[in-house]
Amino acid sequence: IDAAWQALRNGLDRQLPLAEAVERYLADLDAAQARATGFAIDANLVLEACLPLAQLSSDALDEEGVGNGDRFLPGGYGQLIAHLAQGLDIRPGQPVTHIDWSGEQVRVNDERGDFCICSVPLGVLKTLRFTPALPAAQQDALAHLGMGRLEKVVLQFEQRWWPRSPSGYLRWYDSPASWGEWLDLTDAVGVPTVAGLIAADAVERQFAGRSDEQIALAARDALQAWAAAVEGSRQISQAP
């Protein structure tokens, strides 16, 4: 699969829209090569960008992904916010809808200040009203930028029964791609813990109409099926 990924990056026609270029590239491969390349696309493009191919450009082929060297915060990112918020006047529960920066002071809803740092996520930023409107350069950027879809399910067990990986990353390739990547957090958390990642259109496929419990059980079943397949192939390879 790694070899298929490198071949794709080197052999793709980057002058075409990415989805079209991928379709033409796959058409020239035999079944085994096309299958491996499809898995490589799911893992290194769709899961990394959290968007379907139709919404990606060929630049995504050159973006660095995740892997060895990543660091985890066992207590969650909330501890960073708590640290930064020490000594600050935090007022939760007051959704911002309007930022008026037309005068000497900035007005955020009914609050006034000397300046405003607006660092909300892109999707939220698009819902805010600014007076005056944001400069043309920012408006143009907002019109062309989007956010991918990524969800994760964290599962804990009494025992670590899935395969170990030196990097902590476990990948399972299925079709259509769903829970394509798992993070083994056992060593960091101290309890057998694994997080399943799901992205792009697979989120809708797996989450629509399901409760949180149903989603967690579906993720567990996917992990169990994969672990069983790995164990089965190991037994075959060790057979006399």
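Up top is the structure these notes are about.
What comes next is a walk through the structure. None of these values were measured; they are calculated from a predicted model.

How two aromatic rings sit relative to each other is given by the distance of their centres and the angle of their planes. All told, the structure shown has six aromatic pairs when counted by the stated rule. Three or more aromatic residues joined by ring pairs form one cluster here, namely Phe157, Trp161 and Trp162.

Throughout the structure, instances matching the rule amount to 13 salt bridges. One salt bridge connects Glu48 with Arg171, and the closest N-O pair in it is separated by 3.2 Å. One end of the pair, Glu48, is in helix H3 (residues 31-49); the other, Arg171, is in strand E6 (residues 169-171), and 123 residues separate them in sequence. Classification of Glu48 by relative accessible area gives partly exposed; the value is 28%. Arg171 gets classed as partly exposed once you look at its relative accessible area, which sits at 26%. Arg220 is the salt-bridge partner of Asp221, the closest N and O atoms lying 2.7 Å from each other. Note on Asp221: relative accessible area 37%, which makes it partly exposed. One network of salt bridges, in which partners are shared, links Arg9, Arg14 and Asp62.

Burial analysis of strand E8 (residues 193-199) places seven of its seven residues in the buried class, which makes it a mostly covered element. Across the two faces of E8 the burial is the same, with Thr193, Ala195, Leu197 and Ala199 and Val194, Gly196 and Ile198 all buried. Looking at chain direction, strand E7 (residues 181-184) and E8 are connected through four bridges and run antiparallel. For Leu183, the partnering residue across the bridge sits in E8 and is Ala195.

A word on the packing of helix H1 (residues 2-11) against H3. As a packed pair, H1 and H3 sit with axes 8 Å apart at the nearest point and diverge in direction by 80°. One finds that H1 runs roughly perpendicular with respect to H3. From H1, Ala4, Trp5 and Leu8 reach across to H3, where they touch Ala36, Thr37, Ala40, Ile41, Asn44 and Leu45. By residue class, the composition of the contact of H1 with H3 is seven nonpolar, two polar and no charged.

Attention shifts here to unusual backbone geometry. Of note, the bond from Thr131 into Pro132 is cis; its omega dihedral lies within 30 degrees of zero at -5°. Relative to the elements of secondary structure, Pro132 occurs in the loop between strand E4 (129-131) and helix H6 (136-144). Residue Pro176 follows Ser175 across a cis peptide bond; omega there is -5°. Counting through the fold element by element, Pro176 comes out in the loop between E6 and E7. The backbone of Cys50 sits at a positive phi, close to 65°, despite the residue not being glycine. The backbone of Ala200 shows a phi angle near 55°, a positive value even though the residue is not glycine. Note that Ala200 resides in the loop between E8 and helix H8 (201-207). Classification of Ala200 by relative accessible area gives buried; the value is 4%.

The rules we used
Residues numbered from 1 in each chain as written. Predicted model: local features only at pLDDT ≥ 70, side-chain atom pairs only at ≥ 80, totals over all residues. Heavy atoms only, no water. Phe/Tyr/Trp six-rings, centres within 6.5 Å; stacked < 30°, edge-to-face > 60°. Salt bridge = Lys/Arg side-chain N within 4 Å of Asp/Glu carboxyl O. Helix = DSSP H or I, 4+ residues; strand = E, 2+ residues; numbered from the N terminus. Buried < 20%, exposed > 50% of the residue type's maximum accessible area, 1.4 Å probe, protein only. Pairing = 2+ DSSP bridges. Axes fitted to C-alpha atoms, helices over the stretch in contact; angles between N-to-C directions. Parallel < 35°, antiparallel > 145°, perpendicular 65-115°, else oblique. Contact = heavy atoms within 4.5 Å. Nonpolar A, V, L, I, M, F, W, Y, C, P; charged D, E, K, R; others polar.

From the geometry alone we can't say anything about function, so treat these as descriptive.
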